[in-house]
Amino acid sequence: MGILKKILLGDKYLIAFIILLSLFSLLPGFSASSNIEYAAQTGTVWGQFGKQVAFLVIGLVILFALQLVDYRYFGGIAVLALPIVFGLLIWTIFQGTTIDGANASRWLKLPGLPLSIQTSTLASVTLMVYVARYLTITRNKELKFVQTLIPLFLPILLTVGLIFPANGSTALILFAMVMVLLFIGGFPLKYLITIAGVIVIAGGLFVFTALNYGDAIPNSRVHTWKNRIERYTNPSENSLESWQETNAKAAIVEGGTLGKGPGKSAIKHTLPQASSDFIFAVIIEEYGSIVGGVGIIFLYLLILFRIGIIATKIHTYFGSLLVFAVGIPIIFQAMINMGVAVGLFPTTGQPLPMISFGGTSLWITCLSFGMILSVSRQIKPKEELEQELKKQSEATIQDIA
């Protein structure tokens, strides 16, 4: 018990929900490992599953370590990390065209290591924390738009712009989350509309150029986005991704209310992204729409509920914004992934947080949860806050006297 008290320092309910999600992820993770082994043509099912367990253990270590850090340091760390993130994004773009058949503009292969990281996920959380800090330090200032161009607008434009060409869905989600955070933080609406308008126009010009003058922007994924949207509005069975979407829906139908049982998914063998993009479909096929579908959605909603409670209970403005900045994108990404699996949205390539196979996404999700737990660890009881305010008032009166 003593060890647990030293480890479980943050919000106990949130920790419990995260652990439940982590433990459950091992079940579909093991089941989908056969699909990874088949696609990779290397290793074994147990080897692939062991890799995912290792990713999860490292992620939880990151989570519990970060809860020990004073959350007020995260703003300054984001300022220092932002230039490094820009460098990583640029490096990722120019390192080549493919890695193991995938677009290298999305993954950065680490020299000397059998690992590739998706730099856009790190860039996203860094930018969100940076924006939360900016809103905090400018909270009581009357800003002119020109004053926001370099410290706020430029980092947003650079981050979204560097991610957009190769990973459009992540860039759009990041852009939407930044706009939501700016709105929550009380950023002037007229400036918010201006920033949104400029980024939308810039994105539109990029898409127009890529579609009509493809040679000017090599290795662009704009045609892939166009095909996905057209396929979503006019389904066809003549492409690999249509095959994925059709099989995902079939898995959900096959699962029914109660599911086939753990590890008994048949469609995972014909679903290329069964372990990541469409893991939710495999979960429903094996565990049914009640336990697998509604149960997972309910767990994410419980996490969202705790995020809201922590954000409203913390006594500092930066603490509240930080929780929203790193917490809301996790839930939003989960809803996007599940929406794609059931056919509500076109294919985006967004993983299901804490469940989909992979290292970078899992570690960044754990990093975000760690920051939220760091905030929750410093929530003070109402009585203690009242006493502090009383002492501050008495000290002020004595100074005046």
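Keep in mind the model is a prediction, meaning the values are calculated, not measured.

## As for the overall build of the protein chain
Then step 1. The number of helices and strands found in the protein chain is 14 helices and four strands.
Then step 2. Out of the 401 residues belonging to the protein chain, those deemed buried represent 48%.
Then step 3. Pairs at least 24 residues apart make up 70% of the contacts formed inside the protein chain by residues separated by at least 6 positions.
Then step 4. A total accessible area of about 19,800 Å² is found for the protein chain, and carbon and sulfur atoms account for 67% of it.

## What to know about the pattern of salt bridges
Then step 1. Per the counting criterion, the structure on display carries four salt bridges.
Then step 2. Between Glu254 and Lys260 there is a salt bridge, and its shortest N-O distance comes to 3.7 Å.
Then step 3. Residue classification places Glu254 among the partly exposed positions, given a relative accessible area of 46%.
Then step 4. Lys260 serves as the salt-bridge partner of Glu285, at 3.1 Å between the closest nitrogen and oxygen. Separated by 25 residues along the polypeptide, Glu285 in helix 11 (residues 279–313) and Lys260 in the loop between helix 10 (240–255) and helix 11 bring together distant segments of the chain.

## Let's talk about unusual backbone geometry
Then step 1. In the Ramachandran plot, Met354 falls in the positive-phi region, its phi being about 70° despite a non-glycine side chain.
Then step 2. Among the structural elements, Met354 can be located in the loop between helix 12 (317–341) and helix 13 (360–377).
Then step 3. Accessibility expressed as a relative area gives 3% for Met354, which makes it buried.

## Some remarks on the packing of aromatic side chains
Then step 1. Enumeration according to the criterion identifies five aromatic pairs in this entry.
Then step 2. Seen in terms of ring centroids, Phe145 and Tyr191 are 5.4 Å apart; in terms of plane orientation they differ by 50°. Their pairing is tilted. Here Phe145 is found in helix 6 (residues 145–163), whereas its partner Tyr191 is found in helix 8 (residues 189–212), with 46 residues between them in sequence.
Then step 3. Among the residues examined, Tyr191 registers a relative accessible area of 12% and is labelled buried.
Then step 4. What links up through ring pairs into an aromatic cluster is the set Phe145, Phe187 and Tyr191.
Then step 5. In this structure, Arg139 is placed above the aromatic ring of Tyr317, and the distance from its NZ or CZ to the ring centre is 4.1 Å.

## Looking at the packing of helix 4 (residues 73–94) against helix 5 (residues 119–137)
Then step 1. For the pair helix 4 and helix 5, interaxial distance at closest approach is 8 Å and the crossing angle is 145°. In the crossing of helix 4 with helix 5, the sense of the turn from one axis to the other is left-handed. Facing Phe74, Gly75, Gly76, Ala78, Val79, Ala81, Leu82, Val85, Leu88, Leu89 and Thr92 of helix 4, the residues of helix 5 in contact are Thr119, Ser120, Leu122, Ala123, Thr126, Leu127, Val129, Tyr130 and Arg133.
Then step 2. Its residues placed into classes, the contact of helix 4 with helix 5 shows 13 nonpolar, six polar and one charged.

## A few points about helix 13
Then step 1. Here helix 13 spans 25 Å end to end across 18 residues, near enough to the 26 Å set by a 1.5 Å rise per residue.
Then step 2. Among the 18 residues in helix 13, 15 count as buried, and that is most of the element.

## Remarks on the packing of helix 7 (residues 168–184) against helix 12
Then step 1. Packing of helix 7 against helix 12 leaves a shortest axis separation of 10 Å and a crossing angle of 140°. For the element pair helix 7 / helix 12, the angle class is oblique. For the pair helix 7 and helix 12, the sense of crossing is right-handed. On helix 12, the residues that touch Ile173, Met177, Leu181 and Ile184 of helix 7 are Leu321, Phe324, Ala325, Ile328, Pro329, Phe332 and Ile336.
Then step 2. Residues belonging to the contact of helix 7 with helix 12 are distributed by class as follows: 11 nonpolar, no polar and no charged.

## Details of a nonpolar patch on the surface
Then step 1. Together, Val180, Phe183, Ile184, Leu189 and Ile193 give the surface a local cluster of nonpolar side chains, amounting to about 480 Å² of exposed area.
Then step 2. Counting residues per element, the ones that place at least two in the nonpolar patch are helix 7 and helix 8.
Then step 3. Among the secondary structure elements, Ile193 is positioned in helix 8.

## Points about the environment of Val291
Then step 1. Mapping Val291 onto the fold places it in helix 11.
Then step 2. The exposure class of Val291 is exposed, given its relative accessible area of 52%.
Then step 3. Considered as a pair, Val291 and Gly259 are 32 residues apart in the sequence and their alpha carbons are 8.6 Å apart.

## Structural notes on the side chain of Ser376
Then step 1. Residue placement: Ser376 occurs in helix 13.
Then step 2. In terms of polar contacts, Ser376 uses its side chain to reach the backbone amide nitrogen of Asp11, at 2.8 Å.
Then step 3. With near-sequence residues (within four places) excluded, Ser376 lies in contact with Gly10, Asp11 and Ile310.

## So, the confidence of the model for the protein chain
Then step 1. Mean pLDDT over the protein chain works out to 80, with 76% of the residues at or above the 70 mark.
Then step 2. Every residue in residues 97–104 is under pLDDT 50, and counting partners more than four places away or in other chains gives 16 contacts.

## A word on the environment of Phe206
Then step 1. Looking at the element boundaries, Phe206 is found in helix 8.
Then step 2. Remark: the alpha-carbon pair of Phe206 and Phe164, spanning 42 residues in sequence, is separated by 9.4 Å.

Definitions and limits used
- Residues numbered from 1 in each chain as written.
- Predicted model: local features only at pLDDT ≥ 70, side-chain atom pairs only at ≥ 80, totals over all residues.
- Heavy atoms only, no water.
- Helix = DSSP H or I, 4+ residues; strand = E, 2+ residues; numbered from the N terminus.
- Buried < 20%, exposed > 50% of the residue type's maximum accessible area, 1.4 Å probe, protein only.
- Contact = heavy atoms within 4.5 Å.
- Areas by Shrake-Rupley, 256 points an atom, 1.4 Å probe, with all protein chains shown as cover.
- Salt bridge = Lys/Arg side-chain N within 4 Å of Asp/Glu carboxyl O.
- Phe/Tyr/Trp six-rings, centres within 6.5 Å; stacked < 30°, edge-to-face > 60°.
- Lys NZ or Arg CZ within 6 Å of the ring centre and 35° of its normal.
- Axes fitted to C-alpha atoms, helices over the stretch in contact; angles between N-to-C directions.
- Left-handed = near helix turned anticlockwise from the far one by under 90°.
- Nonpolar A, V, L, I, M, F, W, Y, C, P; charged D, E, K, R; others polar.
- Expected span 1.5 Å × (residues − 1).
- Parallel < 35°, antiparallel > 145°, perpendicular 65-115°, else oblique.
- Patch = residues over 30% accessible without salt bridge, like charges linked within 9 Å, V, L, I, M, F, W, Y side chains within 5 Å.
- Polar contact = N/O pair within 3.5 Å; in protein donor to acceptor, adjacent residues only side chain to side chain.
- pLDDT = per-residue confidence, 0-100.

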